[in-house]
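An overview of the molecular structure
As a plain string of letters, each chain reads:
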Number of protein chains: 2
Amino acid sequence: MSPIALDAMGGDDAPGVPVAGALRAAAAGIDVTLVGDRGALEPELERALGEAAVARHGGDGVRERLRLAHAPDRIGMEEHAALEVRSRRGSSIYVGTELVNAGEADAFVSAGNTGAVLATALVVLGRLPGVERPALGVVLPATSGPRLLVDAGANAESRASHLVQFAHLGDAYARVALGVASPRVALLSIGGEASKGSSAVVEAHAALARARLRFVGNVEGHDLIATSAADVIVADGFSGNVALKSIEGVIAMLWEELSHVARSSARGRLGGWLLTPGLRATRGRLDYRRYGGAPLLGAGGLVYVAHGRSDARAIESALRTASEGVSAGLLATIAGSVSPAGAT
Amino acid sequence: MSPIALDAMGGDDAPGVPVAGALRAAAAGIDVTLVGDRGALEPELERALGEAAVARHGGDGVRERLRLAHAPDRIGMEEHAALEVRSRRGSSIYVGTELVNAGEADAFVSAGNTGAVLATALVVLGRLPGVERPALGVVLPATSGPRLLVDAGANAESRASHLVQFAHLGDAYARVALGVASPRVALLSIGGEASKGSSAVVEAHAALARARLRFVGNVEGHDLIATSAADVIVADGFSGNVALKSIEGVIAMLWEELSHVARSSARGRLGGWLLTPGLRATRGRLDYRRYGGAPLLGAGGLVYVAHGRSDARAIESALRTASEGVSAGLLATIAGSVSPAGAT
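Analysis parameters
For every chain, the first residue of the written sequence is number 1, and numbering continues from 1 onward in sequence order. Going through the entries in the order they are written, you letter the chains from A and number the ligands from 1. Per-residue local features are limited, in this predicted model, to residues with pLDDT of at least 70; the limit for side-chain atom pairs, both in listing and counting, is 80 or more; totals at the level of whole chains, interfaces and linings are taken over all residues. Each side-chain value is worked out from all heavy atoms of the structure, with water and hydrogens disregarded. Being paired, for any two strands, means DSSP has found at least two bridges between them. The helix and strand labels rest on DSSP assignments: H or I over at least four residues marks a helix, E over at least two residues marks a strand, and numbering proceeds from the N terminus. Every axis corresponds to a line fitted to the C-alpha atoms, with the helix fit spanning only the stretch in contact, and the corresponding angles, defined between N-to-C directions, vary from 0 to 180 degrees. We place the copies in one frame by least squares, fitting the C-alpha atoms of every residue whose pLDDT is at least 70 in both. By the convention used here, residues are in contact when the closest approach between their heavy atoms is within 4.5 Å. Defined here as a combined quantity, buried area equals the accessible surface (1.4 Å probe) lost by two parts on assembly, summed across both. Only one rule defines a salt bridge in this text: a Lys or Arg side-chain nitrogen within 4 Å of an Asp or Glu carboxyl oxygen. The pLDDT score gives, residue by residue, the confidence of the prediction method on a 0 to 100 scale. Only protein chains enter the calculation, and the probe is 1.4 Å; a residue is then buried if its accessible area is under 20% of its type maximum, exposed if over 50%, and partly exposed in between. N or O atoms within 3.5 Å of each other form a polar contact, as long as, within protein, one can give a hydrogen and the other can take it, and as long as residues adjacent in sequence are counted only when both atoms are side-chain atoms. Any Phe, Tyr or Trp ring, taking Trp's six-membered ring, that has another such ring centre within 6.5 Å forms a pair; planes under 30 degrees apart are called stacked, those over 60 apart edge-to-face, and the others tilted. Note on geometry: a ring has a charge over it if NZ (lysine) or CZ (arginine) is within 6 Å of the ring centre and within 35 degrees of the ring normal. Put simply, a nonpolar core is a bunch of buried Ala, Val, Leu, Ile, Met, Phe, Trp, Tyr and Cys residues held in one set by side-chain atoms that sit within 4.5 Å of each other. By the criterion used throughout, a crossover qualifies as right-handed when its path from the first strand across the helix to the second strand runs clockwise, the strands pointing away from the viewer.

Focus: the sheet that holds strand 2 (residues 32-36) of chain A
Residues and elements named next belong to chain A. Read from one edge of the open sheet, 11 strands run 3-2-1-4-11-10-5-6-9-7-8, paired in mixed fashion. Strand pairing shows two members of the sheet lacking a second neighbour, strand 3 (66-70) and strand 8 (214-219), which therefore form its edges. Within the sheet, the average angular offset between the axes of one strand and its neighbour, ignoring direction, is 25°. In the sheet, strand 5 (residues 135-140) pairs with strand 6 (residues 147-150) via four bridges, with the strands oriented antiparallel. Bridging from a neighbouring strand, Val 139 pairs with Leu 148 of strand 6.

Okay, structure coming up:
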């Protein structure tokens, strides 16, 4: 197995956070190639290895599991996504993706500029046969267990044929990466009936009802979190992205309110302290860091996007997700599910 | 001023809840015409008036402010929205809307089948000049004050010209009904830049930037709740509906989790009890009952949709919203904002 390439220059706190995340993953037995400016990375890595040694969890073999790949350029978080990918061949995103293309890495993980990661993956790795538009799969937090939202925003608009492909991609990912034997696939719409929704959604509903999938029909916005009736929820990239960010926004706001109340008086402080252990499980379940990497499904290689605000634990989680995907033969399964011969 | 017509057969707990809501509104000085089956309504009304008299808040003039309008038919909550509106002329939804059309009511409020209410409004009341597609405006709960989401789901898909009209409709509603002197209007998309989003959104962005509106650019899903930078957020009906229901779903889930934790142990019970007063304000701010009615903006008369799970307080709130809209000359202001002469 080749290492997982990690964008060491991507995310709000690069390179410190990616390096720390790589160390955690290496300590768990995952080989990682850190991609970035060697001049910045080497001292950061030495510092982190030193700290880890002091903290006793750097331990055996961590250094041996970590390599560096030099990339002199760095694409900023706010740079325009539609940039000319090929003009940035020196960027950590391009170099990391190219490592996958060359077979020198089995997957690429980045917490950097999502638009640039997606555009670069398409240019460098291409699409699997039968896939018109690769889609971002995000595992949503939910009380009744994880479910996959596809597309969470790789595409600004989606036709019916795209939605059907997203369903097959999500089905394959849920089987391999989430361990769901027979994933229930639902379609995000604005009503339960087959006739509800945009024309693309109505057309996709009809096609999915005939597809070789366990299609359970439409779900609505509140079902994204609440339903226990679907493992994969298919959405056009626009409303999928809006829904995902709406959910993140509300969760952040409510925790904020709760901690405000629990800080604003002695009574609140005591109440908050008493509830903390009970709420820890909820908070953990809703924590995006648990599922630190969102796969770009349908690209010609494994690419995972991590949250720009990822901490070391989230980076570790993304590397672990990628490594498990590689071990499980994810790419081959996905390719089989959407090949013109295999899919509907 | 004419009374507000209320669908007494609409909502999950009709006619009990609508009648109770009408009593509360009447006690607050609002004239209400209850529309529904007279045989069912009369005893319900007598019972409610009797209870109110016992509770001392029925008081003076409540009975005088309430009238009945007979409607023998009732459209079920789950009946298909695309039903033949004109074939249900006996329904409480049709009769109530027709009261507005005939000038016998100033507005119609229903917690019934939303699709039927919208379809009936279009058939009976038509559209204001310059409006291609009326849109549902929903006031979102948010920590930094209310903001209006338009369209929250009246349309399954929206073209750029529709989005621009939604902006003008929302602007007018925010000025009149939310009391915002110069509403900041934003466009829901999947990125901040003008180039981000579906082709309809990108085209609408360009048009809004030239419109006679205080356009502040794109916002994303998390901004629906979190931003304090917009008073009106324009969305296509599909993603607006998905976002609204996602937000409702998360809020319901988190309260559920919180109350579960606060019930599951003595420690949790005490913690929950201590936090209750502090969280009451948050809960109130996020309670859909505060803004019990969502206006159908752009129709040729005032129609408000209330949540199907509305309780009496939510119905009262919707009647109050409608009554205030009438007093403030809402329909004329909206008509002026979108007339082919007045709007961009």
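Additional details are given in the paragraphs that follow.
Quick notes on the relation of the copies chain A and chain B
Relative to chain B, chain A is turned by 180° and slid 0.0 Å along the rotation axis, the superposed coordinates differing by an RMSD of 0.0 Å. Here the symmetry operator amounts to a two-fold rotation axis. Among all residues of chain A, the one whose C-alpha sits closest to the rotation axis is Gly271(A), at a distance of 2.0 Å. The residues that chain A uses at the interface reappear at the interface of chain B in 100% of cases, marking a shared surface.

Digging into the interface of chain A and chain B
With 53 residues of chain A at the interface, the matching set in chain B holds 53 residues. Interface of chain A and chain B: buried area, both sides summed, is about 4,600 Å²; carbon and sulfur atoms make up 72% of it. Among the residues of chain A in contact with chain B, Ile190(A), Phe238(A) and Arg267(A) are the three that bury the most area, contributing 15% of the side total. At the boundary of chain A with chain B, the tally comes to two salt bridges. Salt-bridge contacts for Lys245(A) lead to Glu220(B); the nearest nitrogen and oxygen are separated by 2.2 Å.

Details of the confidence of the model for chain A
For chain A, mean pLDDT is 90; residues scoring 70 or higher make up 94% of the total. Here the predicted complex carries an ipTM of 0.89, next to a pTM of 0.91.

What about the environment of Asp311(A)?
Residues and elements named next belong to chain A. Here Asp 311 is to be found in the loop between strand 11 (302-305) and helix 11 (312-327). The exposure class of Asp 311 is partly exposed, given its relative accessible area of 22%. Distance in space between the C-alpha atoms of Asp 311 and Val 17 is 5.9 Å, their sequence separation being 294 residues. Looking at Asp 311, its side chain comes within polar contact range of the main-chain nitrogen of Arg 313, at 3.1 Å. In terms of polar contacts, Asp 311 uses its side chain to reach the backbone amide nitrogen of Ala 314, at 2.9 Å.

Side note on the environment of Val261(A)
Tracing the backbone through its elements, the reader meets Val261(A) in helix 9 (residues 237-261). Its relative accessible area of 7% is what places Val261(A) among the buried residues. Considering only alpha carbons, one finds Val261(A) and Gly272(A), 11 residues apart in sequence, at a separation of 8.1 Å. In contact with Val261(A), other than residues within four places in its own chain, are Gly268(A), Leu275(B), Gly278(B), Leu279(B) and Thr282(B).

Regarding the packing of aromatic side chains
With the rule as written, the count across this model stands at zero aromatic pairs over all chains. In this structure, Arg267(B) is placed above the aromatic ring of Trp273(A), and the distance from its NZ or CZ to the ring centre is 4.5 Å.

A closer look at the nonpolar core
By size, the foremost hydrophobic cluster in this structure holds 234 residues, and its most contacted members are Leu23(A), Leu34(A), Leu23(B) and Leu34(B). In this structure Leu34(A) touches Leu6(A), Ala8(A), Pro18(A), Val19(A), Ala22(A), Leu41(A), Leu45(A), Arg67(A), Leu68(A) and Ala69(A), once residues within four positions along its chain are discounted.

So, the pairing of strand 1 (residues 4-7) of chain B
Residue and element names in this part refer to chain B. On strand 1, burial covers both faces: Ile 4 and Leu 6 on one face and Ala 5 and Asp 7 on the other are all buried. Bridging between strand 1 and strand 2 (residues 32-36) involves four bridges; their strand directions are parallel. By the bridge assignment, Ile 4 is partnered in strand 2 with Val 32. In this view, the connection linking strand 1 to its parallel neighbour strand 2 by way of helix 1 (residues 16-27) has right-handed handedness. Pairing of strand 1 with strand 4 (residues 107-110), which is carried by three bridges, proceeds in the parallel orientation. When the sheet's bridge partners are listed, Ala 5 is paired in strand 4 with Phe 108.

Concerning the sheet that holds strand 7 (residues 184-188) of chain B
All names here are of chain B. With respect to topology, 11 strands assemble into an open sheet ordered 3-2-1-4-11-10-5-6-9-7-8, the strand pairing being mixed. Bordering the open sheet on either side are strand 3 (66-70) and strand 8 (214-219), each of which pairs with just one other strand. For this sheet the average axis-to-axis angle between neighbouring strands, irrespective of direction, equals 25°.

Description of unusual backbone geometry
All names here are of chain B. Cis rather than trans, the peptide bond between Ala 14 and Pro 15 has omega equal to 0°. With respect to the element layout, Pro 15 can be found in the loop between strand 1 and helix 1. In this model, Val 150 is joined to Asp 151 through a cis peptide bond whose omega is 5°.

A closer look at the pattern of salt bridges
All names here are of chain A. Applying the stated rule across the entire model yields 28 salt bridges over all chains. For Arg 47, the salt bridge identified is with Glu 51, shortest N-O distance 2.7 Å. Of this pair, Arg 47 and Glu 51 both sit in helix 2 (residues 38-54), four residues apart, roughly one helical turn. Notably, a salt bridge pairs Asp 73 with Arg 88, separated by 2.6 Å at the nearest N-O pair. One end of the pair, Asp 73, is in the loop between strand 3 and helix 4 (92-101); the other, Arg 88, is in the loop between strand 3 and helix 4, and 15 residues separate them in sequence. Owing to a relative accessible area of 16%, Arg 88 belongs among the buried residues under this scheme. Salt bridges sharing partners connect three or more residues here, namely Arg 24, Glu 316 and Arg 320.

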